[in-house]
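# Analysis of the macromolecular model
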Amino acid sequence: MVLSNTSSFFKRIEVLSTDFLKITFLLCLFFFANKFALAADLLVSPASGSYASGQTFTVTVQANPSGDSINAVEAEMTFDKSVLSVVNVSKTGSVFSLWTTEPAFSNTAGTISFGGGSPTPFTSKSTLLNITFSAIAPGSGSVAFGTASVLAADGKGTDVLKNKTGGSYTVTAATTVATPVSTPPTPVTPAESSSDNN
């Protein structure tokens, strides 16, 4: 009788241990699934650079899903309008073919906005749009993301945005190249010749 009770006791412990391990495993899966759910990043490339006043340069706005499957991004961006001025915003090469908010900019406000989507979800780093800036004055000009969202292709439109990485660009004074002053050659007067009449 004692052996029977002991055997039953250990069987119960075994069952409870197995159940505990299952629950722990499921909790771990849930924890890591939620931990890595918000994995998509927005960034600009290059993130830094040095340019002379009057120069133009282009930065690419990118989305890095980091393994998530995403299909839409909306974002507002800001830039230092005292140092930089937007020349053009181009959709060429963008992963998006649908635009909920056409790319637009204001040099007066120092803002850029856009919103786009793709019928085909993507999971690797992709170009969203290209921004061409003009360096208008010496200083340090920053480009940053404001309100933004990256939507997962999960049928729910879950926002999986994790990080927003802008850029910082140094503008130096334009180099003035001195124009050399050419000095006209001094005319050479031929020496007078004397003839001997004797």
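Here the structure is shown first, and the text comes after it.
Read on for a plain summary of the structure. Everything numeric in this text was worked out from a predicted model, so none of it was measured.

### Side note on the overall build of the chain
Along the backbone of the chain there are one helix and eleven strands. The order of α-helices and β-strands along the chain, N terminus first, is α-β-β-β-β-β-β-β-β-β-β-β. Looking at the chain residue by residue over its 198 residues, the buried ones come to 30%. Within the chain, counting contacts between residues at least 6 apart in sequence, those at least 24 apart form 77% of the total. Within the structure as shown, the chain displays about 12600 Å² of accessible surface, and the carbon and sulfur contribution to it stands at 59%.

### A few points about the nonpolar core
By size, the foremost hydrophobic cluster in this structure holds 36 residues, and its most contacted members are L42 and F133. For this core, the secondary-structure elements that each account for two or more residues are β1 (40-45), β3 (56-64), β4 (70-79), β5 (84-90), β7 (111-122), β8 (126-135), β9 (139-152) and β11 (167-172). Ignoring anything within four residues of it in the chain, the contact list for L42 reads Q62, A63, V73, A75, L128, F145, A148, V150, L161, N163, K164 and T165.

### Describing unusual backbone geometry
In the segment running from S45 into P46, the intervening peptide bond is cis, with an omega of 0°. One non-glycine residue, S66, adopts positive backbone phi at about 55°. With respect to the helices and strands, S66 occurs in the loop between β3 and β4.

### Things to note about the sheet that holds strand β6 (residues 98-106)
Strand order in this open sheet of six strands is β2-β11-β9-β4-β7-β6, and the pairing throughout is mixed. Of all strands in the sheet, those bounded by a partner on one side alone are β2 (48-52) and β6. Each neighbouring strand pair of the sheet contributes to a mean axis angle of 20°, computed without reference to strand direction. Bridging between β9 and β11 involves five bridges; their strand directions are antiparallel. Of the residues in β11, the one forming a bridge with S140 is T170.

Rules behind the numbers
Residues numbered from 1 in each chain as written. Predicted model: local features only at pLDDT ≥ 70, side-chain atom pairs only at ≥ 80, totals over all residues. Heavy atoms only, no water. Helix = DSSP H or I, 4+ residues; strand = E, 2+ residues; numbered from the N terminus. Buried < 20%, exposed > 50% of the residue type's maximum accessible area, 1.4 Å probe, protein only. Contact = heavy atoms within 4.5 Å. Areas by Shrake-Rupley, 256 points an atom, 1.4 Å probe, with all protein chains shown as cover. Core = buried A, V, L, I, M, F, W, Y, C linked by side-chain atoms within 4.5 Å. Pairing = 2+ DSSP bridges. Axes fitted to C-alpha atoms, helices over the stretch in contact; angles between N-to-C directions.

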